[in-house]
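# Analysis of the macromolecular model
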Amino acid sequence: MRRVAILISGRGSNMSALIEAASAEGFPAEIALVISNRADVPGLANAAANGIKTLVIESKPFGKDRAGFEKLLTAALDEHGIELICLAGFMRLFTAEFVQHWYGRMLNIHPSLLPSFPGLDPHGQALRAGVKISGATVHFVIPETDAGPIVMQGAVPVATDDTPDTLAARVLGVEHQIYPQALHLLATDGIEIDGAVTKTTACIGSDDNLIAPTVI
Ligand code: GRF
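About the cut-offs
- Residues numbered from 1 in each chain as written.
- Predicted model: local features only at pLDDT ≥ 70, side-chain atom pairs only at ≥ 80, totals over all residues.
- Heavy atoms only, no water.
- Helix = DSSP H or I, 4+ residues; strand = E, 2+ residues; numbered from the N terminus.
- Buried < 20%, exposed > 50% of the residue type's maximum accessible area, 1.4 Å probe, protein only.
- Salt bridge = Lys/Arg side-chain N within 4 Å of Asp/Glu carboxyl O.
- Pairing = 2+ DSSP bridges.
- Axes fitted to C-alpha atoms, helices over the stretch in contact; angles between N-to-C directions.
- Contact = heavy atoms within 4.5 Å.

## A word on unusual backbone geometry
- The omega angle of the peptide bond from L114 to P115 is 10 degrees, so this bond is cis rather than trans.
- Looking along the chain, the bond that leaves A212 and enters P213 is cis, with omega of -5 degrees.
- Structurally, the position occupied by P213 is in the segment after strand 9 (197-200).
- One non-glycine residue, D40, adopts positive backbone phi at about 60 degrees.
- Within the element layout of this structure, D40 appears in the loop between strand 2 (29-36) and helix 2 (42-49).
- Judged by its relative accessible area of 78%, D40 is exposed.

Set out below in structure tokens:
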């Protein structure tokens, strides 16, 4: 049973999906700690309602002093014997040292099919680019934002009348499916990192191909 910390900054719906999955019998990881860098975010209350230990470590007072913030973060992670980290809507950049320390043990989820549309407003970027399929990506964290070896992706069709909000809602559904599966894979040592890519013991799904739009 691997001890996992989830780091959040807001709503925490991915956090909730991870907590729910991990509560199932036989799941190979335990959500031991939820840390938010902002007080009073909805995710904290949800985690606490599920009996998960929560902590607030405010990053704002540290300003650009990322290492100072990470000192407190590291102390909390160590104190709780954390082995793996899942970033779930965590809106704070790390130092290269912190990322290096956790390399191969820290996952992030981004709501686009990386390497397309990293950074802010991924759904707006996708709509402006006119892609017909978008999705979400779980990847290992590296110093570069929204990059790093890809663990799992899920795709959704993009509708002609989509707005960033409607596309975000559709992609969120797939996020909630893939993040728990990616954590399961990591916690069972089912991922091998080979340079910039990962190889997994999991096989490709048997679902039909996703084609969008469909004509006939
Ligand atoms: C998700 O879309 C996630 O992919 C992105 O930020 C959003 C967080 O949503 N990194 P939530 O807090 O998990 O509901």
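## Quick word on the pattern of salt bridges
- In the structure shown here, the tally under the stated rule is 6 salt bridges.
- One salt bridge in this structure joins D194 and K199, with 2.8 Å as the shortest N-O distance.
- On the basis of relative accessibility, which here comes to 37%, the residue D194 falls in the partly exposed class.
- Here the salt bridges do not stand alone but share partners, grouping R2, E83 and D189 into one network.

## Let's talk about the sheet that holds strand 1 (residues 2-8)
- Pairing is mixed in the open sheet, where 7 strands are placed in the order 3-2-1-4-5-6-7. The outermost strands of the open sheet, each flanked by one partner alone, are strand 3 (54-56) and strand 7 (150-157). The sheet shows a mean angle of 20 degrees between the axes of neighbouring strands, taken without regard to direction.
- Seen against the sheet, helix 2 touches strand 1, strand 2 and strand 3 and runs at an angle of roughly 155 degrees to strand 3.

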